[in-house]
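Architecture at a glance
Residues per chain, in single letters:
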Amino acid sequence: MGVTLDHKMDLGPEPLPQIKVDRKIVAAVAVSSTLAGVVISLLLMGRFSIAMTMLLSFIMYLISIYALTRKLEDAREASNKLMAGVVTGSFALIVFPLVSVLWTVVSKGAARFDTMFFSESLRNVLGDGGGGQHAIAGTLIVTGIAAVLSVPIGIMVAVYLVEYGRGPLAKAVTRMVDVMTGIPSIVAGLFAYALFVLFTGPGHRSGMAGGVALAVLMMPIVVRTSEEMLRLVPNELREASYALGVTKWRTIVKVVIPTAIAGILTGVTLAIARVVGETAPLLVTAGLADSLHTDPFSGRMTTLATMAYYSYKTPGVPPQASYDRGWTAALVLVLIVALLFAIARLLARVLKPKGLR
């Protein structure tokens, strides 16, 4: 005899649907943590502090997002959100000083960013007025000399290490490049000064000596970056060229270097950006001048970096005029570096092989 159950079994209350911690919830937690950080910072210090507020807001965010995600989801997702917050905070920690520096340079350098700064020098200028025409020309000349001396040699050394270098000599060159990468800039300046003193006597100052000092700093960077880019070229391209009967040197010139040209140009740009703002070696080798001087073989030559340095070290009367010129020199230096990166990107796109564009 069968028994039928007309009533349903009581299974208890239905479970609540799981709530996902999406971007809107994360944004709400970030805003609330920021407000909490401001309040706690005011209570602890009695005044508003950006650094303390950011630190407290970041700690509050990590605690809140971990606890909320663990409550609404599970421990695994909570750990994921916590590590994502740590990584994002680390990124913000790196970006904040860069943005702060750019903002400071732009805001303070805009005061003298005018036509006078680009068309006049500091000759016979004691207070207001004058410009940095001589420093801009000196920067371009000295950096150009350094690039002409270091880039061809650096690329050829990289080609040797990748394509030809075998045995003790290649290892010795590699070690020497590694050592030169960490050489202090003042040592490069003293080396260039001592080198020119051997031929011209004590007290030598010239743009050529400054260019040699910067070339010593540039060369290991060019070698290392070019070497890494050349090693990334697939060996299949070389083997295909050899199979067609092309000689090794022509394969390097026509296949290997064009394939790696984008990375090589980026490395060269990084090397130029590394040395264009150097001050210490140029104080020893190029010196300081207050007027336009374009002969790199004789006479002192000022760069934007040394101009900014001396604008704060020995300001005139009133000093604010000298400070404004120093900040504008720093701003022009930043713009030159940005322009170099833009040119490198453009050349890399234009010179890259058609099949890789």
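Residues numbered from 1 in each chain as written. Predicted model: local features only at pLDDT ≥ 70, side-chain atom pairs only at ≥ 80, totals over all residues. Heavy atoms only, no water.

**Some points on the overall build of the protein**
Scanning the protein for helices and strands turns up 13 helices and zero strands. The helix and strand sequence of the protein, counted from the amino end, reads α-α-α-α-α-α-α-α-α-α-α-α-α. The C-alpha atoms of the protein give a radius of gyration of 30 Å, which is well past the 21 Å a tight globule of 357 residues would have. Over its C-alpha atoms, taken along the principal directions, the protein stretches across nearly 120 × 70 × 35 Å. Taken over 357 residues, the protein has a buried fraction of 37%. For the protein, the proportion of contacts with a sequence separation of at least 24, taken over those separated by at least 6, is 71%. (Helix = DSSP H or I, 4+ residues; strand = E, 2+ residues; numbered from the N terminus. Rg over C-alpha atoms; globule rule 2.2 N^0.38 Å. Buried < 20%, exposed > 50% of the residue type's maximum accessible area, 1.4 Å probe, protein only. Contact = heavy atoms within 4.5 Å.)

**A closer look at the packing of helix H10 (residues 248–275) against helix H13 (residues 319–351)**
Packing of H10 against H13 brings their axes to within 9 Å, and their N-to-C directions diverge by 175°. With respect to H13, the element H10 is oriented roughly antiparallel. Contact with H10, carried on its side by Pro258, Ile261, Ala262, Leu265, Thr269, Leu270, Ile272 and Ala273, involves Val337, Leu340, Phe341, Ala344, Leu347, Ala348 and Leu351 of H13 and no other residues of that element. Within the contact of H10 with H13, the residues separate by chemical class into 14 nonpolar, one polar and no charged. (Axes fitted to C-alpha atoms, helices over the stretch in contact; angles between N-to-C directions. Parallel < 35°, antiparallel > 145°, perpendicular 65-115°, else oblique. Nonpolar A, V, L, I, M, F, W, Y, C, P; charged D, E, K, R; others polar.)

**Some thoughts on the packing of aromatic side chains**
Overall, the coordinates contain five aromatic pairs when judged by the stated rule. Between the aromatic rings of Tyr312 and Trp327, the centroid separation amounts to 6.3 Å while the plane-to-plane angle is 85°, which identifies the pairing as edge-to-face. Here the residue Tyr312 occupies a position in helix H12 (residues 304–313), and Trp327 occupies one in helix H13, the gap between them amounting to 15 residues. Tyr312 gets classed as partly exposed once you look at its relative accessible area, which sits at 40%. Members of the aromatic cluster, each reached through a chain of ring pairs, are Phe113, Phe117 and Phe118. Positioned above the aromatic ring of Tyr164, the side-chain terminus of Lys248 is 4.7 Å from the ring centre. (Phe/Tyr/Trp six-rings, centres within 6.5 Å; stacked < 30°, edge-to-face > 60°. Lys NZ or Arg CZ within 6 Å of the ring centre and 35° of its normal.)

**Structural notes on the nonpolar core**
Leu214, Met218 and Leu230 are the most contacted members of the largest nonpolar core, which has 29 residues in total. Contributions of two or more residues to this core are made by helix H5 (133–164), helix H8 (207–231) and H10. If sequence neighbours within four positions are ignored, Leu230 has contacts with Ala158, Val159, Val162, Arg238, Val256, Ile257, Ala260 and Ile264. Phe117, Leu122, Ala135 and Leu333 belong to the second-largest nonpolar core, a separate cluster that totals 14 residues. (Core = buried A, V, L, I, M, F, W, Y, C linked by side-chain atoms within 4.5 Å.)

**Describing H8**
The terminal C-alpha atoms of H8 lie 35 Å apart, and with 25 residues this matches the ideal 36 Å at 1.5 Å per residue to within 8%. Among the 25 residues in H8, 20 count as buried, and that is most of the element. (Expected span 1.5 Å × (residues − 1).)

**Description of the side chain of Ser311**
Here Ser311 shows up in helix H12. Polar side-chain contacts of Ser311 include one of 2.6 Å to the backbone oxygen of Met307. Setting aside residues no more than four positions away along its own chain, Ser311 makes contact with Ser322, Tyr323, Arg325 and Gly326. (Polar contact = N/O pair within 3.5 Å; in protein donor to acceptor, adjacent residues only side chain to side chain.)

**Notes on the environment of Gly277**
Tracing the backbone shows Gly277 in the loop between H10 and helix H11 (280–285). Its relative accessible area of 36% is what places Gly277 among the partly exposed residues. In this structure the C-alpha to C-alpha distance between Gly277 and Ala240, which are 37 residues apart in sequence, comes to 43 Å. For Gly277, the residues in contact, after removing those within four places along its chain, are Ala305 and Leu333.

**Some details on the packing of H5 against H8**
Packed helices, taken two at a time, are described by the angle their axes make and the gap between the axes. Relative to each other, H5 and H8 sit at 35°, their axes nearing to 6 Å. Judged by the twist between their axes, the crossing of H5 over H8 is right-handed. Taken together, the residues that form the contact of H5 with H8 break down as 22 nonpolar, six polar and two charged. (Left-handed = near helix turned anticlockwise from the far one by under 90°.)

**What to know about the confidence of the model for the protein**
Low pLDDT means the predicted coordinates in that region are not meant to be read closely. Averaged over every residue, the pLDDT of the protein is 86; the share at 70 or more is 93%. Predicted confidence for residues 1–12 stays below pLDDT 50, and this span has zero contacts to residues more than four positions away or in other chains. (pLDDT = per-residue confidence, 0-100.)

**With respect to the pattern of salt bridges**
Pairing between side chains becomes possible if they bear opposite charge and their charged atoms approach one another. By the definition in use, this model includes seven salt bridges. Here Arg112 and Asp114 are joined by a salt bridge, their closest N and O atoms 3.5 Å apart. Residue Arg112 is classed as buried on the basis of its relative accessible area of 12%. In this structure, Arg231 engages Glu227 in a salt bridge whose closest nitrogen and oxygen atoms are separated by 2.9 Å. Of the two residues, Arg231 and Glu227 are both situated in helix H8; the distance of four residues between them amounts to about one turn of the helix. One salt-bridge network, in which partners are shared between bridges, spans Asp178, Arg224, Glu227 and Arg231. (Salt bridge = Lys/Arg side-chain N within 4 Å of Asp/Glu carboxyl O.)

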